[in-house]
Amino acid sequence: MTKTAAPESGTSKEDVDAVVVGAGLAGLGMVYHLVDRGFSVRAFEAANDVGGTWYWNRYPGARCDSPVDVYCYFFSDELLQSWNWSSKYPRQPELLRYFQHVADRFDLRQHITFETRVVSARFDEERNRWVVKTDGEEQVTCKYLITAVGCLSSIQVPDFPGLETFRGEWYHSARWPHEGVDFAGKRVGIIGTGSTGIQATPLIAAEADHLTVFQRTPNFSLPARDHRLSQEQMTALKQSYRTIHETIRHTVSGQLYQLKPGSALDVPADERLRLYEKDWAEGGFHLLFGEWEDLLTNEESNTTAADFVRSKIAEIVQDPHTRELLQPRDHPIGTKRPALDSDYFETFNRDNVSLVDVRAAPIVELTEQGVRTTETEYELDCLVFATGFDAITGALLEMDIRGRGGLPLKEKWVDGPTTYLGLGTEGFPNLFTITGPGSPAVLGNMPITIEQHLEWIRDCLEHLRAEGLDTIEATSDAEREWTAEVEAIAAETLMVKVNSWYMGSNIPGKPRRFVIYLGGVGQYGDVIEGVAGSGYPGFTLSSSPQPVGVLAGPSGGPS
Ligand code: NA7
């Protein structure tokens, strides 16, 4: 599967139009769009294949939370018409095959160097070039540095004392062995009840001798109700793709459903219940993101949905103590990332599954035998960390990115990230951050939030090329205003009231700040299109002559 673009070894001093960091959904799409417009591109990817999230997250039960109606690239009709999905919410192997198919179909691997991380990027102000270095000791210069590193790719393993002494196997969900893990006959523990823990628990339970779920915060989860797609359904979907695409570009979440105006409280209780029941029966996130627009802003409205989901959990789970523990009561529904599940709550009715409340009795250490909490020790053969990620900024700041005056991005963002439109930040010219902080990113359907950025960056680079411009850089005023707007919109919601990875509060020492644009995918698209259409206000565009002959290189574009 591994295919690596030239050069094969040693240090090179290649110059290209753009370096793209990452070859997941965003990076692969960016390479496609730039090559399509005649830019020379080098992409670097740490994995040995494309796929990003779907390359790394191979844990049992890993699947997409967006239905296939909306989870795909829309840039090619041939692609849309040629690919057949097997089910509504496909599993990881199928999603990975899709991205491999895209890479092959458009011959994109030739532009990607695999098994290579970008470790640093420094902006050379004299030449208006980024100097990019990799862990393969390669050096490439480029005009545009485009990060496509993923919002949830920098993994977080809690710093429990004694991890090195544990004699069993342990795995983080996003660094899963490619050959899989054999749980048969084993005492397995899983820490974490976010989306990952909720997807993995039923499958591990079905295989293991015994599964202990260590839960710190119970999570709201809605049934996915995945089902296979018949040939007729797939044909109908193919006929609808264009209409679907046009629709979801303008919705709040980039999904087919749209929040309704008004309040959940304006609806008679029996009618509200009827709608919640219908949503629950149909599955998916509709209950939360397809009903009333005040569900995430008005605590009382939110409670109507939260109470409904709690009542469903109570109906499913048989053991009274477990039933109580599984019902989330410490946060409004939707303020931490809710999950979609397939038989998660039902799994706790199995004899070989137990739930441990590590809020009441926290984990203090790992021992040779297993996990010790303040109350007791749990002996395990295998431990799964479903403990999440340093979200949004983690992977960006793992690279040593330095802008004007050698300023490290890490230093600039020490109190939390600030950007203009989530796409650029002052002092770092020609740096584009796909789904960066300040954009809708993970709070929209990812293929659409990514598509907005891919098209915007592509068009921006074409504009710069056509106008003979060298740099584009956010102004500090625009950045300050945009960041304030992002925070102001978030402040209207319940999201800022709780601890979550949206807030950065899952990572010790990380500034607690809401960095996702909540104005909606459609509205965000209008804003960035408007900026591009009116000559990029809020950015400084400039041309400054480069020293002749310094940068001769195989640049494919007329830059
Ligand atoms: P999440 O949503 O960050 O979930 C991580 C889980 O791990 C969550 O339940 C945490 O509890 C728990 N956790 C983390 N550290 C600890 C410690 N030290 N002790 C006990 N429990 C801990 O990550 P996921 O991988 O599930 O999902 C990430 C996203 O990927 C998902 O939302 C989708 O967008 C795809 P906490 O809630 O912090 O109390």
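What you see is a predicted model; the values in this text were computed from it and never measured.

About the cut-offs
Per chain, the residues get numbers from 1 upward, laid out in the order the sequence is written. pLDDT decides what is reported in this predicted model: residues at 70 or higher carry local features, side-chain atom pairs at 80 or more are listed and counted, and totals for whole chains, interfaces and linings draw on all residues regardless. Side-chain measures here rest on the full set of heavy atoms in the structure, leaving out hydrogens and waters. In DSSP terms, a helix is any run of H or I states spanning at least four residues, a strand is any run of E spanning at least two, and both are numbered starting from the N terminus. Atoms counted for the radius of gyration: C-alpha only. Globule rule: 2.2 Å times residue count to the power 0.38. Burial classification: accessible surface area is computed with a 1.4 Å probe over protein chains only, and a residue below 20% of its type maximum counts as buried, one above 50% as exposed, and the rest as partly exposed. The contact definition used throughout considers only heavy atoms, calling two residues in contact when any of these lie within 4.5 Å. With axes taken as lines fitted to C-alpha atoms, and helix axes fitted only over the stretch in contact, angles between N-to-C directions fall between 0 and 180 degrees. Take the far helix as the reference: if the near one is turned anticlockwise from it by less than a right angle, the crossing is left-handed, and if turned clockwise, right-handed. Any residue outside Ala, Val, Leu, Ile, Met, Phe, Trp, Tyr, Cys, Pro, Asp, Glu, Lys and Arg is labelled polar, Gly included; the first ten of those are nonpolar and the last four are charged. By convention in these notes, a residue is near a molecule or strand provided one of its non-hydrogen atoms lies within 4 Å of it. Under this definition, polar contacts are N or O atom pairs within 3.5 Å; protein pairs additionally need one hydrogen-donor-capable and one acceptor-capable atom, and for neighbouring residues in sequence, both atoms have to be side-chain atoms. Accessible surface area values rest on a Shrake-Rupley calculation with a 1.4 Å probe, where residue burial reflects the displayed protein chains alone. One fewer than the residue count of a helix, multiplied by 1.5 Å, yields its expected span. Boundary definitions for the domains trace back to an automatic or database domain assignment. The salt bridge criterion pairs a side-chain nitrogen of Lys or Arg with a carboxyl oxygen of Asp or Glu, the two atoms within 4 Å. Oblique is the label for every angle not falling under 35 degrees (roughly parallel), over 145 degrees (roughly antiparallel), or within 65 to 115 degrees (roughly perpendicular). Strand pairing is assigned whenever DSSP detects at least two bridges linking the two strands. Pairing of aromatic rings covers Phe, Tyr and the six-membered ring of Trp, with a centre-to-centre limit of 6.5 Å; geometry is then stacked below 30 degrees between planes, edge-to-face above 60, and tilted otherwise. Our definition puts a charge over a ring when NZ of Lys or CZ of Arg is within 6 Å of the ring centre and also within 35 degrees of the ring normal.

**Let's talk about the overall build of the protein chain**
A tally of regular secondary structure across the protein chain gives 16 helices and 20 strands. Against the compact-globule benchmark of 24 Å for 559 residues, the protein chain has a radius of gyration of 24 Å, which places it among compact chains. Considering only C-alpha atoms, the protein chain reaches an extent of 75 × 55 × 50 Å along its principal axes. Within the protein chain, buried positions represent 58% of all 559 residues. Considering only residue pairs separated by 6 or more positions, the protein chain has 73% of its internal contacts joining residues 24 or more positions apart.

**Focus on the packing of helix H1 (residues 25-36) against helix H14 (residues 446-467)**
Orientation of H1 relative to H14, taken along the N-to-C sense of each, is 30°, at an axis distance of 10 Å. Every pair of crossing elements has a handedness; the one defined by H1 and H14 is right-handed. Where H1 approaches H14, its residues Leu25, Ala26, Gly29, Met30, His33 and Leu34 are matched on the opposing element by Met446, Pro447, Ile450, Leu454, Ile457, Arg458 and Leu461. Counted by class, the contact of H1 with H14 contains ten nonpolar, two polar and one charged residues.

**Looking at the site of the ligand**
Close contacts around the ligand come from 19 residues, with Thr196, Arg216, Thr217, Lys336 and Arg337 the closest. Take Ala386: an N or O atom from its main chain is 3.3 Å from an oxygen atom of the ligand. In this structure, an oxygen atom belonging to the ligand sits 3.2 Å away from a side-chain N or O atom of Trp501. A total of 780 Å² of accessible area belongs to the ligand in isolation, and the protein chains cover 85% of it. Among the residues making up the shell around the ligand, the classes are represented as seven nonpolar, eight polar and four charged.

**A look at helix H16 (residues 521-533)**
For H16, spanning 13 residues, the distance from its first C-alpha to its last is 18 Å, which sits close to the expected 18 Å at 1.5 Å a residue. Within the span of H16, buried status applies to Val521, Gly522, Tyr524, Gly525, Ile528 and Val531. Looking at the buried side of H16, the elements it contacts are H14, helix H15 (476-491) and strand S20 (539-542). Backbone geometry just after H16 places Gly535 at a positive phi near 85°.

**With respect to the domain arrangement of the protein chain**
As far as domains go, the protein chain holds domain 1 (13-50 + 108-154 + 391-542) and domain 2 (163-230 + 254-385). Taking only C-alpha atoms, the centre of domain 1 and the centre of domain 2 are 32 Å apart. Counting from both sides, the interface comprises 14 residues of domain 1 and, opposite them, 16 residues of domain 2. Between domain 1 and domain 2 we count zero salt bridges in total. Looking at the side of domain 1 that touches domain 2 residue by residue, the class counts come to seven nonpolar, five polar and two charged.

**Structural notes on the packing of helix H7 (residues 269-282) against helix H9 (residues 299-316)**
Closest axis-to-axis distance for the H7/H9 pair is 11 Å, and the angle between their directions is 55°. If you check the angle between H7 and H9, you find them oblique. Note that H7 runs across H9; the crossing there is right-handed. Residues Arg272, Leu273, Tyr276, Glu277 and Trp280 of H7 form the contact with H9, whose participating residues are Ser301, Thr304, Ala305, Phe308, Val309, Lys312 and Ile316. Among the residues making up the contact of H7 with H9, the classes are represented as seven nonpolar, two polar and three charged.

**Some words on the pairing of strand S19 (residues 471-474)**
Of the two faces of S19, the one holding Thr471 and Glu473 and the one holding Ile472 and Ala474 are both buried throughout. Sheet analysis places S19 next to S20, joined by four bridges and oriented antiparallel. Bridging across to S20, Glu473 finds its partner in Thr540.

**Considering the sheet that holds strand S8 (residues 187-191)**
Taken in spatial order, the five strands make up an open sheet running S7-S16-S8-S9-S12, and their pairing is parallel. Each of the sheet's edge strands pairs with one partner strand only, and the pair in question is strand S7 (169-172) and strand S12 (353-357). Direction aside, the axes of adjacent strands within the sheet are offset by 20° on average. Where S8 lies against strand S16 (residues 382-385), four bridges are found, and the strand directions are parallel. Opposite Gly189, over in S16, you have Leu383 as the bridge partner.

**As for the packing of aromatic side chains**
Per the stated rule, a full pass over the model turns up 35 aromatic pairs. Every member of this aromatic cluster is reached through a ring pair, and the members are Tyr32, Tyr73, Phe75, Trp83, Trp85, Tyr98, Phe99 and Phe106. The positively charged end of Lys260 is found above the aromatic ring belonging to Trp292, 4.9 Å away from the centroid.

**Quick look at the sheet that holds strand S15 (residues 377-379)**
Spatial strand order, S13-S14-S15: three strands in an open sheet with antiparallel pairing. With partners counted over all chains shown, the strands left at the sheet margins are strand S13 (363-366) and S15, one partner each. Neighbouring strand axes in the sheet, compared pairwise and without regard to direction, differ in orientation by 20° on average. Note that S13 and strand S14 (residues 370-373) share three bridges and pair antiparallel. The residue bridging Ile363 from the neighbouring strand is Thr373, located in S14.

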